[in-house]
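Examination of the molecular architecture
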Amino acid sequence: MRPILLSGHERALTQIKFNPDGDLLFSTAKDQQICVWFSHNGERLGTYKGHQGAIWTVDVDPTSTFIASGSADNTIRLWEIKTGRCLKAWDFPTAVKRVEFSEDGRQLLGVTEKRMGHLGTIVVLDVVPDVDAEQSDERALTIVCDESKATVAGWSYMDKYIIAGHEDGSVSQYDAKTGEQLDNVPVHELNMQVTDLQWSPDRTYFITASKDKTARLIAARDLELLKTYPSDTPLNSACITPKKDYVILGGGQAAMDVTTTAARQGKFEARFYHKIFEDEIGRVRGHFGPLNTVAADPTGKGYASGGEDGYVRIHHFDKGYFDFKYEVERERENRL
Amino acid sequence: MASRNMDWADDDDGEEVAVELPPPQTLQNKDGTKTTITYRYNENGQKVKTTRRIRLVTHREVVNPRVAERKTWGKFGLSEKDGNGPQMDTTSVGENIIFRLSTNWRKDTKDESKDVNANAMKEKLKDKTVKCRICNGEHFTARCPYKDTMAPVGAEGAADPAAGMGDELSAAGGPGAAAAGKKGSYVPPALRGDRAAAGAGDRMGGSKYGERDDLATLRVTNVSEMAEEAELRDMFERFGRVTRVFLAKDRDTGLAKGFAFISFADRNDAVKACNKMDGYGFKHLILRVEFAKKAA
């Protein structure tokens, strides 16, 4: 497996995202550009310029027409993928830490930071899925997180719920229409921040990564804890691989301690766990700093990771990855 | 520019960066490859010339029409002026990662890091058992509780009388050596195979080396890192039929380690080759060719 190294960013990566067809990869970093890359060969298609601060998050709509990005300059921006044109900027009182398009692409949620007397909120914006249309300034919904601020959030299946991960390690379920909080479950250790939340392909369950060194698989319907993946380092990101039943976790020593840590100790590796058996089945080395974000190619052919070291590494899996099976899986196949 | 007046050895402060770089060149080679020559400055302000030989191979892939359409999109933003294909400054290929999924990957990686020889030895000795020569118990003779009071069990009757050194070695060499009628003398593994052609000796791999005609094997040293087995074979085949070429390579980098063994079918050819090729210039290095010594 030969990774492709993308060095389009000058600072630490914050999020990477594949589009639904898996051919484009979007990356955001603490510098002020969003990059888009062809995932098959690592060619850069372009950059999106306009943000005035670190960019924390990016998401692609289901048709690969738009991307939305959230930044420390207190805006969410909507861009046309093809041309790099900024279509709309929504202003907020604080930085935006996470954006995600709903399953149908007609709504966009944003998670805003708690700061300067403002509570953390989750806002929902209506998006008109047309490049030339005028986008509305209105917030369709605002959920205020008065207990513990939300750090990550996403839309469940059929856009029924909004699921949020909080700074105190809990996960909440909100009604996506009314914004009413339906449930709140402390899945991770108390006050260990939920750092990432990524969905299964059908959005019925999701994986959360946390500073408490575990990643957990949770059902969206009732927030039932399905699986736990323990590791030996604080985790920054986790994703579920399509096609094969694995999960990928990324993490490492806290970014501020990186310069005093040898790469070996730092545990800057992507870890592969079996989704069902919860065993660690492999690691991929390569980054010089903690992995801030990992993303699985929706076609299942590869994955990418973005690190504190400013590099994105795209990996296309070898045959061995697809052939790997547990003994029990093999036995079952033979019986059928 | 300032650089013209400066001595080449002077330490410049990177102000030279403003000097025009020669334009990149692309040459078409006869064998269908292209050579591109580009220039850039490194972080010390030194000019770096990069010469790349590129072979273009068309690789056909069927993709979704949406994906195909996106591949035709024009570039924008910072990549607006980029040409087709991945750009050197943003995209590079990392070194190969061996990624094998396994339920006990932790153990696997540990084994890899261990000495290869240690593993090979372990492998060889896997099915050997320790046996006392005095009482046939499962311990070394030196540890035998009866060693001061009893003499070894009847030499002829014992399972492995030939062993003089380690009992674990005797299990392999014993029967072969015993057949030759040598009692109590240690037989080095390299010789065992010759004696007992069909004996148990080949379990140790000793016969494998014994079968090879060491008399017609040349040891070639001071071989360039870039050498390939095929090149060596071509060079030595001029003198006669080459039965085997072994070029030691580094496991990680794949570069040659600097020595090779060439076996000839006929010893006379080997003598000829040894005389002719000793001191031969190959890839900027002078080869040293001599007859391989038997492994001690």
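Throughout, residues of each chain are indexed from 1 in the direction in which the sequence is written. Think of it this way: whatever chain is written first is A, whatever ligand is written first is 1, and the rest follow in order. Totals for whole chains, interfaces and linings use every residue, but because this is a predicted model, local features are given only for residues with pLDDT of at least 70 and side-chain atom pairs only at 80 or more, for both listing and counting. Side-chain figures throughout are based on the complete set of non-hydrogen atoms in the structure, without hydrogens or water.

1. What to know about the overall build of chain A
Assigned secondary structure in chain A consists of three helices and 28 strands. Residue exposure (1.4 Å probe, protein chains only): buried if accessible area is under 20% of the type maximum, exposed if over 50%, otherwise partly exposed. Each of the 336 residues in chain A was classed as buried or not, and the buried ones make up 62%. Any pair of residues with heavy atoms lying within 4.5 Å of one another is described as a contacting pair. Excluding contacts between residues fewer than 6 apart, the proportion of contacts in chain A whose partners are at least 24 apart in sequence is 44%. Method for areas: the Shrake-Rupley scheme with a 1.4 Å probe, in which residue coverage is limited to the protein chains shown. Carbon and sulfur atoms form 47% of the exposed surface of chain A, whose accessible area is close to 13,100 Å². Comment: elements are numbered from the N terminus, with helices defined as DSSP H or I runs of at least four residues and strands as E runs of at least two.

2. Examining the pairing of strand E3 (residues 47-54) of chain B
Residues and elements named next belong to chain B. Two strands pair when backbone bridges link them, and strand E2 (residues 34-41) and E3 are joined in this way by eight bridges, in the antiparallel orientation. Residue Thr-38 lies in a different strand from E3, and its bridge partner there is Thr-50. Between E2 and E3, which pair antiparallel in sequence order, lie five residues; one of them, Gly-45, sits at a positive phi of approximately 80°. DSSP bridges decide pairing: two strands pair if at least two such bridges lie between them.

3. Focus on the sheet that holds strand E10 (residues 288-291) of chain B
Residue and element names in this part refer to chain B. Ordered by their spatial adjacency, four strands build an open sheet running E6-E7-E5-E10, and the pairing between neighbours is antiparallel. Two strands in the sheet have a free side with no partner beyond their single neighbour: strand E6 (242-249) and E10. Across the sheet, the axes of successive neighbouring strands diverge by a mean angle of 20°, strand direction being ignored. Note that strand E5 (residues 217-221) and E10 share four bridges and pair antiparallel. Across the sheet, Val-220 pairs through a bridge with Val-289, a residue of E10. Across the sheet, helix H7 (residues 229-237) lies against E5, E6, strand E7 (256-264) and E10, angled at about 140° from E6, the strand it touches most. Where helices are involved, their axes are fitted lines through C-alpha atoms of the stretch in contact, as for all axes, and angles between N-to-C directions lie from 0 to 180°. Along the sheet, helix H8 (residues 267-277) makes contact with E5, E7 and E10, crossing E10 at roughly 150°.

4. Brief notes about the confidence of the model for chain B
Residues and elements named next belong to chain B. The predicted model of chain B averages 72 in pLDDT, with 66% of residues at 70 or higher. Looking at any residue, its pLDDT shows the predictor's confidence there, from 0 to 100. Summarising per-element confidence for chain B, the mean pLDDT is lowest in helix H4 (residues 167-179) (42) and highest in strand E4 (residues 91-93) (90). Here residues 155-182 is modelled with pLDDT under 50, and outside its nearest four sequence neighbours on either side it reaches 39 contacts, counting other chains as well. Within the model, pLDDT remains below 50 along residues 196-211, and this stretch shows 16 contacts once partners closer than five positions in the same chain are excluded. For this predicted complex, the interface score ipTM comes out at 0.78, alongside a pTM of 0.64.

5. Notes on the pattern of salt bridges
Residues and elements named next belong to chain A. Should a side-chain nitrogen of Lys or Arg be within 4 Å of a carboxyl oxygen of Asp or Glu, the pair is scored as a salt bridge. With the rule as written, the count across this model stands at 29 salt bridges over all chains. Residue Lys-149 is joined to Glu-113 by a salt bridge in which the shortest nitrogen-to-oxygen separation is 2.6 Å. Separated by 36 residues along the polypeptide, Lys-149 in the loop between strand E13 (139-145) and strand E14 (150-155) and Glu-113 in the loop between strand E11 (107-112) and strand E12 (120-126) bring together distant segments of the chain. Across the pair Asp-232 and Arg-283 runs a salt bridge whose closest N-O atoms are separated by 3.9 Å. Linking Asp-232 in the loop between strand E21 (225-230) and strand E22 (235-240) with Arg-283 in strand E25 (residues 280-284), this pair joins segments that are 51 residues apart in sequence. With relative accessibility at 18%, the residue Arg-283 sits in the buried group. A single salt-bridge network, built from bridges that share partners, covers Lys-97, Glu-113, Arg-115, Lys-149 and Glu-167.

6. Re the interface of chain A and chain B
Contacts between the two partners involve 44 residues from chain A, matched on the other side by 33 residues from chain B. Buried surface at the junction of chain A and chain B, summed over both partners, amounts to about 3,400 Å²; 58% is from carbon and sulfur atoms. Linking chain A with chain B are four salt bridges. The closest approach of N and O atoms between Arg-70 of chain B and Asp-23 of chain A, which form a salt bridge, is 2.9 Å. Two N or O atoms form a polar contact when they lie within 3.5 Å of each other; inside protein one atom must be a possible hydrogen donor and the other a possible acceptor, and for residues adjacent in sequence the pair counts only when both atoms belong to side chains. Inspection of the region where chain A meets chain B yields 18 residue pairs in polar contact (both at pLDDT 80 or more). Secondary-structure elements contributing two or more residues to the side of chain A that touches chain B are strand E1 (4-6), strand E4 (33-38), strand E5 (44-49), E25 and strand E28 (312-316) of chain A. Here the term charged refers only to Asp, Glu, Lys and Arg, the term nonpolar to Ala, Val, Leu, Ile, Met, Phe, Trp, Tyr, Cys and Pro, and the term polar to all other amino acids, Gly among them. A breakdown of the residues in the side of chain A that touches chain B according to their chemical character gives 20 nonpolar, 14 polar and 10 charged. Two elements, E1 of chain A and E4 of chain B, share three bridges in a ladder whose sense is antiparallel. From the neighbouring strand, Leu-6 of chain A faces E4 of chain B, where its bridge partner is Thr-91 of chain B. Buried area: the accessible area, evaluated with a 1.4 Å probe, that two parts lose upon being put together, summed over both parts.

7. Observations concerning the nonpolar core
In these notes, a set of buried Ala, Val, Leu, Ile, Met, Phe, Trp, Tyr and Cys residues joined through side-chain atoms within 4.5 Å is what counts as a nonpolar core. Grouped together as the largest cluster of nonpolar side chains are 23 residues, with contacts concentrated most on Leu-218, Leu-232, Phe-236, Ile-262 and Phe-264 of chain B. Contributing elements (two or more residues each) for this core: E5, H7, E6, E7 and H8 of chain B. Setting aside chain neighbours within four positions, we find Phe-264 of chain B in contact with Ala-216, Leu-218, Phe-236, Phe-239, Gly-240, Arg-241, Val-242, Thr-243, Asp-269, Ala-270 and Ala-273 of chain B. Judged by nonpolar contacts, the second largest core, of 20 residues, contains Cys-239, Val-294, Tyr-321 and Tyr-326 of chain A.

8. Considering the side chain of Thr-217 of chain B
Here Thr-217 of chain B is to be found in strand E5. For Thr-217 of chain B, the side chain forms a polar contact with the side chain of Ser-263 of chain B, separated by 3.0 Å.

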